[in-house]
Amino acid sequence: LLLIISLIFINKKDDSKNISAKWLFLIFLAFLGNGTCSIIQKMQQLRFVATLKNEFMIIALLLVAVVSFLLSMRTEKQDVRVCVKKGWGLALLCGAMNGFVNSSVMLLYSRLQISYIFPIISSGSIIVAFIVSRFIYREHLTRMQLLGLILGICSVICLNL
């Protein structure tokens, strides 16, 4: 309930736009994908007794890169060359950060209880997103959005207790 209220508060705009069904569907897919990723990572660690982390991550990241490239070929068509030329650095940085985060999670699985890992990761990612949006993109949150941010952090902690 806190998470749903948080999402509504954070996405509430002053121009009273409603949340679209497409947005809700994409949020659902993000939750599903993130949860599935975490489950698969944990199952891999349990099945292979905390070994083969690097190999698992290399295969996963290569799969993501290939699927992303194929999707961009389909959706960007004429602009693929420009997108690759201008976006390779950012894509490389995002891929490296994604690999770092997932490798860190895999490493932490063998050292900490899951009940500690996920609240730290989830709350930390919300806080990092807030800091980046505030100080790099100069976005200002309304009081309602700040309340949503706090409720979101609280909901993540409660979900993981």
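Look above for the structure.
Below you will find a few notes about this structure. (Residues numbered from 1 in each chain as written. Predicted model: local features only at pLDDT ≥ 70, side-chain atom pairs only at ≥ 80, totals over all residues. Heavy atoms only, no water.)

**A closer look at the packing of helix 2 (residues 21–47) against helix 4 (residues 80–109)**
Helix packing geometry: the angle between the two helix axes and the distance between the axes.
In step 1: Look at helix 2 against helix 4: their axes get within 10 Å of each other, and the N-to-C directions meet at 50°. The orientation of helix 2 relative to helix 4 falls into the category oblique. When you trace helix 2 past helix 4, the crossing you get is right-handed. Between helix 2 and helix 4, the contacting residues are Cys-37, Ser-38, Gln-41, Lys-42, Gln-44 and Gln-45 on the first element and Asn-102, Val-105, Met-106 and Tyr-109 on the second.
In step 2: Here the residues of the contact of helix 2 with helix 4 sort into 4 nonpolar, 5 polar and 1 charged. (Axes fitted to C-alpha atoms, helices over the stretch in contact; angles between N-to-C directions. Helix = DSSP H or I, 4+ residues; strand = E, 2+ residues; numbered from the N terminus. Parallel < 35°, antiparallel > 145°, perpendicular 65-115°, else oblique. Left-handed = near helix turned anticlockwise from the far one by under 90°. Contact = heavy atoms within 4.5 Å. Nonpolar A, V, L, I, M, F, W, Y, C, P; charged D, E, K, R; others polar.)

**What to know about the packing of aromatic side chains**
In step 1: Under the counting rule described, the total for this entry stands at 0 aromatic pairs.
In step 2: For Arg-134, the ring lying beneath its charged end belongs to Phe-135, and the centroid distance is 5.6 Å. (Phe/Tyr/Trp six-rings, centres within 6.5 Å; stacked < 30°, edge-to-face > 60°. Lys NZ or Arg CZ within 6 Å of the ring centre and 35° of its normal.)

**Describing the side chain of Gln-41**
In step 1: In this fold, Gln-41 is placed in helix 2.
In step 2: Leaving out residues up to four positions away in the same chain, Gln-41 has contacts with Phe-56, Met-57, Asn-102, Val-105, Met-106 and Tyr-109.

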